[in-house]
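Chain by chain, the residues run as shown.
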Amino acid sequence: MLLLRAEELSTSTLISVYNHRSPLPTTHAQASFSFPWRTSLSSPISLLCTHHSLILRSFRNSTSTHQRFGLLRGLYSHSTFFEQVASEELDSANGCDDSENEAFKFEGGQGIVGSGLSGDLKNLNLPELEVIELEELPEQWRRSRLAWLCKELPAHKAGTLVRILNAQRKWMRQDDATYVIVHCMRIRENEAAFRVYKWMMQQHWYRFDFALATKLADYMGKEQKFAKCREIYDDIINQGRVPSESTFHILIVAYLSAPVEGCREEACSIYNRMIQLGGYLPRLSLHNALFRALVSKPGGTSKYYLKQAEFIYHNLVTTGLEVQKDIYGGLIWLHSYQDIVDKARIGMLREEMKRHGVGDSSEVLVSILRACSKEGDVEESQKTWLRLLQLDDRLPSQAFVYRMEVFAKVREPMRSLDIFREMQERLGSASVAAYHKIIEVLCEAQEVELAESLMREFVEKNLKPLMPSYIDLMSMYLNLNLHDKLQSIFTECLEKCQPNRTIYNIYLDSFVKIGNLGKAEEIFNHMCSGEAVGFNTRSCNIILSGYLSSGQYVKAVKIYRLMCQKKYDIESSLMEKLDYVLKSSSEEIKKPIRPKLSKEQREILVGLLLGGLEIESDDRRKKHMLHFEFSENSGAQSVLKRHLHDLYYEWIHPSCRPSDDSDEIPYRFYTIMHTLFGFYANQFWPNGRPAVPKLIHRWLSNRVLAYWYMYGGHRTSSGDILLTLKGHKEGLESVVKTLQARSLDFRVRKKGRVFWIGFLGSNSACFWNVVEPYILEDLKRFLRPSDQLMENNGAENPNRDFNSGSNFDGEESEGSDIHN
């Protein structure tokens, strides 16, 4: 027998694994590890074979519902049309010096996580793996077959590999499969090793091998295959064992290296388990790496990780590890972003810094100014400002913004204006965030002429975004009953900015207050029909108050029914008047409205499911929920996000709805659990996996295709249109036949479990003409094929609708014959 010990991470591998900014995969040279094998180099099993990738498997059973949704979407998602505009929007966003979008700046760039990683896994007590040698097998035929499998399996894709293994079921056992797995890891064919391992787990003779699972999990993590590493990790947990320290360490690093939404939370969860479940003491570099990840995002999002950051700091102190100065600065930075600032804790951290000889950096002083601005502490802010002036560093623009906010809190707007002018003098120009803040301060102080003057100055400098300042101006005009100016600035805002629901609500409120209900009703109807604007609870309450005040009770009842359908909250002051109206109305109005999907909602849902929308099922109660996810970096995708959130608002889980004082819709939201989604779960997600129904040809209307394109499509730089589809070949064939019946030409390619349907050249123009009437207006410029392709498109372009006469709420039994 041969004893193999789980290998240590090499220096080059750890650096490669951790460098998440590099788009290049880990090379064989970087991932090479030596095994103490006694096998001859001339043996057939020493041959290197071609590497094939394996589609990432879901680890649905291993995470919470909310986290699982974010991770699965990231794992299975492919390029969408939003990616090509995200970079442009990020570039424009970088011009906005908004303090809420500032991330904590570490001194020395990435140095905080670079040191010590190479030797972190040395001298660990790793489990020993027993592996038979080929020469120890008594049967010649078994030696030959194992040698053949070791040579053959890495050269095949997943389907063929499983078929080959299935053909060996009569003779193959645990020791044989273990030998093949270890050999594949030796020649760095870790994907093949993982496939064989998964096949082995399904056999009746399988017995759990902790050492083998540890070695394979570590190798998956070293290659940043965090989903596969996590799957093995969860299997170890389910077997009642505690994963080795190396597995914890490597899995955390793999999560931190992955540019997938939700991985940071998973890294924190594994880190906490490493300490609380395993009782391990993580290395210094791991503490620093995780801490850096927590504060590397904008402050508005990182502030929710304060407890986790404090836990890391506590572990550093209690284990006697070095606390670097950026850890202190990052903690103070996180505390300064909290809604209620713990000044005592900040003071303790600063005292700790002094005891260790760490001085205040400009980042720390700006954090102190931020904390002072939330409480209006003028005295402390002045002291901090003087200390900031003594540093040789260039004055940060955020410092001026926070000083303006401090004086605004104590109702001294003119002092804030003086600081704004001082910023222009010292820095040469004011930042966008400074313009936003000073206009906000002057509008709250109702200094109309000064606010208007600064707004004109802001516009003339061609800085963006302008929308926050327009909202402040309009709110001031509304409070002062300057309705003519409000309507004028609203028109100016529409010319320079994208339509916004907040300004429409202010505009609507203005006409209700002056009693022009005809114009107010026109605006409300426009909001209801506009995809980019939409309406919300405030919109309905505004128009409802107008109808009740003017005695238009029939229209008030219609709005009431709409609000009941959407599950909007009615203001208490309006409810008193509404009670009288309802008592004098028919009893039918008082009955609760039964939830039901409209025809449009059913049709759009099919397109979204084809585009990658996920369904979470509770098989015990036969209830299901829909999961939506959108890119946080794309303003274009936020249009679709808002549209779908409004469209399915009555079904959205209450925790995913924006608060009354906020109009921000989360980028990840889900519906309530309901039996009405059972039909779609059976058709599109049988057994918890995506599939294409056999009856899909009955449902492919133009609207379905349009939402499929918007949610799961992609327009290439050359103007071609690509659609992604997950499922099996049978479902794809049904889609292909239906599209071909419409004389739409396209090409189909398969990548793993995902099919790509491409409308190339002039064929993209043909497809565009079919879906354009149902594409959201604000997304057409991102989705429309190039002008050259549209011009080359022939005159004959069929644009008749698909047959969509079938009932989308059909019986669930229709999906019983779907194969997954």
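Residues numbered from 1 in each chain as written. Predicted model: local features only at pLDDT ≥ 70, side-chain atom pairs only at ≥ 80, totals over all residues. Heavy atoms only, no water.

Quick look at helix H5 (residues 140-152)
So, step 1. In this model H5 runs 18 Å from its N-terminal to its C-terminal C-alpha over 13 residues, within 8% of the 18 Å that 1.5 Å per residue would give.
So, step 2. Listed in full, the buried residues belonging to H5 are Arg 142, Leu 146, Ala 147, Leu 149 and Cys 150. Down the axis of H5, the buried side of the element spans an arc of 160°, and every buried residue falls inside it.
So, step 3. Elements that come into contact with the buried residues of H5 comprise helix H6 (158-166) and helix H7 (174-186). (Helix = DSSP H or I, 4+ residues; strand = E, 2+ residues; numbered from the N terminus. Expected span 1.5 Å × (residues − 1). Buried < 20%, exposed > 50% of the residue type's maximum accessible area, 1.4 Å probe, protein only. Arc of directions from axis to C-beta. Contact = heavy atoms within 4.5 Å.)

Here we look at the pairing of strand S3 (residues 614-618)
So, step 1. Burial within S3 is extensive, with 4 of its 5 residues counted as buried.
So, step 2. With 5 bridges connecting them, S3 and strand S4 (residues 623-629) associate as antiparallel partners. Bridged to Glu 616 within S4 is Met 625. (Pairing = 2+ DSSP bridges.)

What about the environment of Lys 215?
So, step 1. Of note, Lys 215 is situated in helix H9 (residues 210-222).
So, step 2. Along the primary structure Lys 215 and Val 182 are separated by 33 residues, whereas in three dimensions their C-alpha atoms are 8.9 Å apart.

Here's the deal with the sheet that holds strand S6 (residues 713-715)
So, step 1. Taking strand neighbours across the sheet as the criterion, the 4 strands line up as S6-S7-S9-S8 in an open arrangement whose pairing is antiparallel. Edge strands, defined here as strands with exactly one partner in the open sheet, are S6 and strand S8 (747-751). Taking the axes of each pair of neighbouring strands and ignoring which way they run, one obtains an average angle of 25° across the sheet.
So, step 2. When S6 meets strand S7 (residues 721-726), the two strands line up antiparallel, connected through 3 bridges. Paired with Gly 713 across the two strands is Leu 723, which belongs to S7.
So, step 3. Lying over the sheet, helix H34 (residues 702-712) contacts S6, S7 and strand S9 (754-759), oriented at roughly 90° with respect to S7. (Axes fitted to C-alpha atoms, helices over the stretch in contact; angles between N-to-C directions.)

A look at H9
So, step 1. End to end, H9 covers 18 Å across 13 residues, agreeing with the expected 18 Å (1.5 Å per residue, within 8%).
So, step 2. With 13 of 13 residues buried, H9 lies mostly within the body of the structure.
So, step 3. Positioned one or two residues after H9, Gln 224 has a phi angle of 65°, which is positive.

Some points on the pattern of salt bridges
So, step 1. In this structure the tally under the stated criterion is 32 salt bridges.
So, step 2. Where Glu 352 meets Arg 355, a salt bridge forms, and the shortest distance between an N and an O atom there is 2.1 Å. Placement of the pair is Glu 352 and Arg 355 together in helix H17 (residues 343-355), with a separation of 3 residues, close to one helical turn.
So, step 3. Among the salt bridges present, the one from Arg 421 reaches Glu 457, with a minimum N-O distance of 3.5 Å. Pair noted here: Arg 421 is in helix H21 (residues 413-427) and Glu 457 is in helix H23 (residues 448-460), with a separation of 36 residues, a long-range link.
So, step 4. On the basis of relative accessible area, Arg 421 is assigned to the partly exposed category, the value being 35%.
So, step 5. One connected set of salt bridges, linked through shared partners, spans Glu 139, Arg 142 and Asp 176. (Salt bridge = Lys/Arg side-chain N within 4 Å of Asp/Glu carboxyl O.)

Structural notes on the UniProt feature "repeat: PPR" (unreviewed entry) in the protein
So, step 1. The UniProt feature table records "repeat: PPR" (unreviewed entry) at residues 431-465 and 536-570.
So, step 2. Span residues 431-465 is 74% helix and 0% strand, its end C-alpha atoms 11 Å apart.
So, step 3. Taken as a whole, residues 536-570 contains 80% helix and 0% strand, while its terminal C-alpha atoms sit 11 Å from one another. (UniProt positions renumbered as here; feature names shortened; annotations may be inferred.)

Here's the deal with the packing of aromatic side chains
So, step 1. Counted under the stated rule, the structure contains 28 aromatic pairs.
So, step 2. Relative to Phe 248, the ring of Tyr 233 has its centre 5.6 Å away and its plane inclined at 80°; by these criteria the two rings are edge-to-face. Of the two residues, Tyr 233 sits in helix H10 (residues 226-238) while Phe 248 sits in helix H11 (residues 245-257), which places them 15 residues apart along the sequence. Neither residue differs from the other here; Tyr 233 and Phe 248 are each classed as buried.
So, step 3. Between the aromatic rings of Phe 628 and Tyr 648, the centroid separation amounts to 6.0 Å while the plane-to-plane angle is 35°, which identifies the pairing as tilted. Here Phe 628 is found in strand S4, whereas its partner Tyr 648 is found in the loop between helix H32 (635-647) and strand S5 (668-670), with 20 residues between them in sequence. This pair shows no difference in class: Phe 628 is buried, exactly as Tyr 648 is.
So, step 4. Clustering of aromatic rings is evident, with ring pairs tying together Phe 628, Phe 630, Tyr 648, Phe 669 and Tyr 711.
So, step 5. Above the face of the Tyr 219 ring, Lys 222 is positioned so that its terminal group lies 4.2 Å from the ring centre. (Phe/Tyr/Trp six-rings, centres within 6.5 Å; stacked < 30°, edge-to-face > 60°. Lys NZ or Arg CZ within 6 Å of the ring centre and 35° of its normal.)

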